[in-house]
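These are the residues of each chain, in order.
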Amino acid sequence: MAVDPHPAYLAAVQHAYEVLDDNFDDLYQQCTTTEQRQSLRSLHAAARDTYWRAVAVDLKDNSPVVREIFSELTQANQDLRELIANLQNISAFIALFTQAVRLAASLVTLATVA
C-alpha cells in the first residue's frame with residue numbers, strides 16, 4: 001500500500017507559513033521601504049491562505065511533478081530556516097519567501113484530489 005503524502009505535503013506548506021507568521025514582527029521591523037513592508041504583508045496573506053487551503057483539501061496526488069515541487073519546497077524551507085537564523089538582508093528573505101509561497105501554492109493546487 002502506498003504511503004499517504006498528505007501529512008508531509010501539509011507539513012511543508014505549514015512550515016513555510018509558520019516561518020513568516022512566527023517572525024513577522026521582527027521581519028517587518030527590518031523592512032526599510034514601503035515596498036518591502038507591502039511585499040511582506042502580501043506574502044503573509046498568501047502563505048496563510050495557502051496553508052488553510054491545504055488543510056481543507058485532500059493532498060493525495062503523488063505524481064513526479066508534485067514530488068518535485070514538494071522537494072523544492074522542502075529545500076526552500078531549509079534555506080528559509082538558515083536565512084532567518086542569521087538574517088542580514090530582508091530583500092533576500094523576501095525573494096526566497098516569494099519562491100516558497102509559489103511552491104507551496106503550486107503544491108496545494110497540483111496535489112489536490114477532487
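Refer to the structure above for everything that follows.
Just so we're clear, the structure is a prediction, and the values are computed from it rather than from any experiment.

Enquirer: Would you take a moment to explain the environment of A76 for this structure?
Expert: Its place among the elements puts A76 in helix 3 (residues 64-85). For A76, a relative accessible area of 2% gives the class buried. Separated by 37 residues in sequence, A76 and V113 have C-alpha atoms that sit 24 Å apart. If we skip the residues at most four places from it in the chain, A76 touches L96, A100 and L103.

Enquirer: Looking at this structure, I do not really get the packing of helix 2 (residues 34-56) against helix 4 (residues 90-111). What am I missing?
Expert: Running from N to C, helix 2 and helix 4 point in directions that differ by 25°, and their axes come no closer than 10 Å. Relative to helix 4, the element helix 2 is oriented roughly parallel. Remark: the crossing between helix 2 and helix 4 carries left-handed chirality. On helix 4, the residues that touch Q36, S39, L40, L43, A46, A47, T50, R53 and A54 of helix 2 are I90, S91, F93, I94, F97, T98, V101, A104, A105, V108 and T109. When the residues that make up the contact of helix 2 with helix 4 are grouped by side-chain class, the tally is 13 nonpolar, 6 polar and 1 charged.

Enquirer: Whenever I open this one, the nonpolar core confuses me. Can you help?
Expert: Across soluble globular proteins, nonpolar side chains show a tendency to be buried alongside one another. By size, the foremost hydrophobic cluster in this structure holds 35 residues, and its most contacted members are V13, L20, L40, L73, F93, F97 and L107. Elements supplying a minimum of two residues to this core: helix 1 (6-30), helix 2, helix 3 and helix 4. Considering every element that reaches this core, the biggest residue donor is helix 4, with 12 residues. Among all residues touching F97, those that are not within four sequence positions of it are A16, L20, L43, A47 and L80.

Enquirer: Sorry, what's going on with helix 2 here?
Expert: Think of an α-helix as turning once every 3.6 residues; residues three or four places apart then point the same way. In this model, helix 2 (23 residues) spans 33 Å end to end at C-alpha, consistent with the 33 Å of a helix rising 1.5 Å per residue. Among the residues making up helix 2, those that are buried are Q36, L40, L43, H44, A47, T50, Y51 and A54. Tucked inside the fold, the buried residues of helix 2 contact helix 1 and helix 4.

Enquirer: Explain helix 3 here, please?
Expert: For helix 3, spanning 22 residues, the distance from its first C-alpha to its last is 32 Å, which sits close to the expected 32 Å at 1.5 Å a residue. For helix 3, every residue scored as buried is listed here: V66, I69, L73, A76, N77 and L80. Projection of helix 3 onto a plane perpendicular to its axis shows the buried side chains occupying an angular sector of 110°, all on one side. Facing away from the buried side of helix 3 by more than 90 degrees, the exposed set consists of P64 and A85. Buried residues in helix 3 make contact with helix 1 and helix 4.

Enquirer: Honestly, the environment of A47 in this entry has me stumped. Any pointers?
Expert: As for its position among the elements, A47 is in helix 2. Here the alpha-carbon distance between A47 and D21, two residues 26 residues apart in the chain, equals 8.8 Å. Among residues more than four places away in sequence, those in contact with A47 are Y17, F97 and V101.

Quick notes on the rules
- Residues numbered from 1 in each chain as written.
- Predicted model: local features only at pLDDT ≥ 70, side-chain atom pairs only at ≥ 80, totals over all residues.
- Heavy atoms only, no water.
- Helix = DSSP H or I, 4+ residues; strand = E, 2+ residues; numbered from the N terminus.
- Buried < 20%, exposed > 50% of the residue type's maximum accessible area, 1.4 Å probe, protein only.
- Contact = heavy atoms within 4.5 Å.
- Axes fitted to C-alpha atoms, helices over the stretch in contact; angles between N-to-C directions.
- Parallel < 35°, antiparallel > 145°, perpendicular 65-115°, else oblique.
- Left-handed = near helix turned anticlockwise from the far one by under 90°.
- Nonpolar A, V, L, I, M, F, W, Y, C, P; charged D, E, K, R; others polar.
- Core = buried A, V, L, I, M, F, W, Y, C linked by side-chain atoms within 4.5 Å.
- Expected span 1.5 Å × (residues − 1).
- Arc of directions from axis to C-beta.

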